[in-house]
Amino acid sequence: MRSLERPYLFLTGHQYAIRRVRFSPYDSTIIASASYDMTICIWNTNMAAAPAFKHEHHSEFAIGVDFSIFGEKTIASCGWDGKVAVWEYDSPAP
């Protein structure tokens, strides 16, 4: 079991504070993050040097992100721009 006394992984790639983080319910190595830099990053913890995918479809702060229970790669994000976007994280954002 891993010790929770200190972080065992740091993911860097956002320019501003991160608002939300979610783990994929399908793949324990996939994490999604939403940031005040208006981006959604998808991380593969096995290749943590940079985000695996970075989506820039919000025009204001990205404040939420979550995985769908109906599709392994389907995620939704929302932002202060009033948009809710739903897409497959490994394809271009809407």
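Scroll up to find the structure.
Here, residues in each chain are numbered from 1, in the same order as that chain's written sequence. Two thresholds apply to this predicted model, a pLDDT of at least 70 for residue-level local features and 80 or more for giving and counting side-chain atom pairs, whereas whole-chain, interface and lining totals are computed over all residues. As a rule here, side-chain values come from all non-hydrogen atoms in the structure, and water together with hydrogens is ignored.

**Re the nonpolar core**
And then number 1: One finds Ile30, Ala32, Ala34, Ile40, Ile42, Ala62, Val65, Phe67, Ile75, Ala85, Trp87 and Tyr89 forming the largest nonpolar core, which totals twelve residues.
And then number 2: Each helix is a run of H or I in the DSSP string that is no shorter than four residues. Each strand is a run of E no shorter than two, and both are numbered from the N terminus. Within the residue set of this core, elements represented by two or more residues are strand S2 (30-35), strand S3 (40-44), strand S5 (62-67) and strand S7 (84-88).
And then number 3: When checking whether two residues touch, look at their non-hydrogen atoms; a contact exists if any pair is within 4.5 Å. Look past the residues within four positions of Ile30 in its chain and what remains in contact with it is Arg22, Phe23, Ser24, Ile42, Trp43, Asn44, Phe67 and Tyr89. Residues belong to one nonpolar core when they are buried, are Ala, Val, Leu, Ile, Met, Phe, Trp, Tyr or Cys, and are joined through side-chain atoms within 4.5 Å. Note on classification: 1.4 Å probe, protein chains only; a residue is buried when its accessible area is under 20% of the maximum for its type, exposed when over 50%, partly exposed between these limits.

**Observations regarding the pairing of strand S1 (residues 18-23)**
And then number 1: By the convention used here, strands pair only if DSSP detects at least 2 bridges between them. Sheet topology note: the S1/S2 ladder contains five bridges and is antiparallel. Across the sheet, the residue bridging to Arg20 is Ala34, located in S2.

**Some details on the environment of Ala34**
And then number 1: Relative to the helices and strands, Ala34 resides in strand S2.
And then number 2: In contact with Ala34, other than residues within four places in its own chain, are Ile18, Arg19, Arg20, Thr39, Ile40, Ala62, Ile63, Gly64 and Val65.

**A short note on the side chain of His57**
And then number 1: Here His57 is to be found in the loop between strand S4 (53-55) and S5.
And then number 2: On the basis of relative accessibility, which here comes to 13%, the residue His57 falls in the buried class.
And then number 3: A distance of 3.5 Å separates the side chain of His57 from the side chain of His58, its partner in a polar contact.
And then number 4: Pairing of N or O atoms within 3.5 Å defines a polar contact, subject to two protein rules: one partner must be a possible hydrogen donor and the other a possible acceptor, and residues neighboring in sequence count only if both atoms are side-chain atoms. Among the polar contacts made by the side chain of His57, one reaches the side chain of Ser77 at a distance of 3.0 Å.

**A few points about unusual backbone geometry**
And then number 1: Not every positive phi belongs to a glycine, and Met38 is a case in point at roughly 75°.
And then number 2: When you line up the elements, Met38 lands in the loop between S2 and S3.

**Thoughts on the side chain of Asp37**
And then number 1: Tracing the sequence through the fold places Asp37 in the loop between S2 and S3.
And then number 2: A polar atom in the side chain of Asp37 sits 2.5 Å from the side chain of Thr39.
And then number 3: With residues near it in sequence (within four places) discarded, Asp37 still touches His14, Gln15 and Tyr16.

**Some remarks on the packing of aromatic side chains**
And then number 1: A pair of Phe, Tyr and Trp rings is counted when the ring centres sit within 6.5 Å of each other, with Trp represented by its six-membered ring. The angle between the planes then sorts it: under 30 degrees is stacked, over 60 is edge-to-face, the rest tilted. Inspection of the entire model under this criterion finds four aromatic pairs.
And then number 2: Measuring from centroid to centroid gives 4.6 Å for Tyr36 and Phe61, while their planes differ by 65°, and the two rings are edge-to-face. With Tyr36 in the loop between S2 and S3 and Phe61 in the loop between S4 and S5, this residue pair connects regions lying 25 residues apart in the sequence.
And then number 3: By relative accessible area, which is 25% here, Tyr36 ends up partly exposed.
And then number 4: Pairwise contacts between aromatic rings join Tyr36, Phe61 and Trp80 into one cluster.

**Describing the pattern of salt bridges**
And then number 1: Any carboxyl oxygen of Asp or Glu that lies within 4 Å of a side-chain nitrogen of Lys or Arg is treated as forming a salt bridge with it. Scanning the entire structure with this criterion turns up two salt bridges.
And then number 2: Note that Arg22 and Asp66 form a salt bridge whose closest N and O atoms lie 3.8 Å from each other. Remark: Asp66 occurs in strand S5 and Arg22 occurs in strand S1; sequence separation between them is 44 residues.
And then number 3: When its relative accessible area of 40% is taken as the criterion, Asp66 is described as partly exposed.
And then number 4: Lys73 is the partner of Asp90 in a salt bridge, and the nearest nitrogen-oxygen pair spans 2.9 Å. Taken as a pair, Asp90 in the segment after S7 and Lys73 in the loop between S5 and strand S6 (74-79) lie far apart in primary sequence, 17 residues in all.
And then number 5: According to the relative accessible area criterion, Asp90 is partly exposed, its value standing at 36%.
And then number 6: What makes Lys73 partly exposed here is its relative accessible area of 32%.

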